[in-house]
Amino acid sequence: MKFPLRIFGEIRGIAPNKLPRLHGLLNADVFSPSGGDGLDVEYEGSYLDIEPDLDEIVAALADGGQGYVDCIDHENWTLRRYSLQPGSWTCKEVNPDGALERYHHE
């Protein structure tokens, strides 16, 4: 069975003093600790809203911290690409055909 939503990405540069609090706030099904100051992002399943989690993450990024999160909606065939930097994130919709072509296997 193919799940309707796939989320993946990585985040680096979380301020060390904010990391313990952050782990208690984030959806553990999506975000997992990685490399001391980072998070790995991986999820396949039902629809969910990650934007509140992204708000918490960008508030915890140190200067120079950054990351990305891609959300693929398989049912509607859309890709939302989030770019994270200290204090803010942006989102743009990208044509999944071009962005995911390298992952297409026939």
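Reading the values: rules and limits
- Residues numbered from 1 in each chain as written.
- Predicted model: local features only at pLDDT ≥ 70, side-chain atom pairs only at ≥ 80, totals over all residues.
- Heavy atoms only, no water.
- Pairing = 2+ DSSP bridges.
- Helix = DSSP H or I, 4+ residues; strand = E, 2+ residues; numbered from the N terminus.
- Axes fitted to C-alpha atoms, helices over the stretch in contact; angles between N-to-C directions.
- Phe/Tyr/Trp six-rings, centres within 6.5 Å; stacked < 30°, edge-to-face > 60°.
- Buried < 20%, exposed > 50% of the residue type's maximum accessible area, 1.4 Å probe, protein only.
- Disulfide = S-S within 2.5 Å.
- Salt bridge = Lys/Arg side-chain N within 4 Å of Asp/Glu carboxyl O.

J.: For the sheet that holds strand β1 (residues 5-14), give the residues involved together with the corresponding values.
T.: One open sheet accounts for 6 strands, arranged β2-β3-β1-β4-β5-β6; its pairing is antiparallel. Two strands close off the open sheet at either side, each with one partner strand: β2 (31-34) and β6 (88-94). Between one strand axis and the next, the sheet turns by 15° as a mean value, whatever way the strands run. Sheet topology places strand β4 (residues 61-73) next to strand β5 (residues 78-85); 7 bridges connect them, and they run antiparallel. What sits directly across from Val-69, in β5, is Tyr-82.

J.: Now, about the packing of aromatic side chains: what can you tell me, with residues and values included?
T.: What the rule picks out here adds up to 1 aromatic pair. Measuring from ring centre to ring centre gives 5.3 Å for Tyr-82 and Trp-89, while their planes differ by 70°; the resulting arrangement is edge-to-face. The exposure class of Tyr-82 is buried, given its relative accessible area of 0%. Relative accessible area serves as the criterion here: at 24%, Trp-89 is assigned to the partly exposed category.

J.: Describe unusual backbone geometry, listing the residues and the values that go with them.
T.: Even without being a glycine, Trp-77 presents a positive backbone phi close to 50°. Inspection of the secondary structure assignment puts Trp-77 in the loop between β4 and β5. We classify Trp-77 as partly exposed; its relative accessible area is 37%.

J.: Describe the state of the cysteines, listing the residues and the values that go with them.
T.: One pass over the structure, following the stated rule, counts 0 disulfides. No disulfide involves Cys-71; its sulfur sits 7.5 Å from the nearest other cysteine sulfur, which is in Cys-91. A residue is classified by how much of its surface remains accessible, and Cys-91, at 35% relative accessible area, is partly exposed.

J.: Describe the pattern of salt bridges, and please don't skip the residues or the numbers.
T.: Pairs can form between side chains of opposite charge whenever their charged atoms are close. Applying the stated criterion across every chain yields a total of 4 salt bridges. Of the charged contacts in the structure, one is a salt bridge between Glu-42 and Arg-6, with a shortest N-O distance of 3.1 Å. Remark: Arg-6 occurs in strand β1 and Glu-42 occurs in strand β3 (residues 38-45); sequence separation between them is 36 residues. Its relative accessible area of 26% is what places Arg-6 among the partly exposed residues. A salt bridge links Arg-12 to Asp-40; the shortest N-O distance between them is 3.3 Å. Placement of the pair is Arg-12 in strand β1 and Asp-40 in strand β3, with a sequence separation of 28 residues. The exposure class assigned to Asp-40 is partly exposed, which follows from its relative accessible area of 29%.

Spatial relationships are all this shows, so hold off on functional conclusions.
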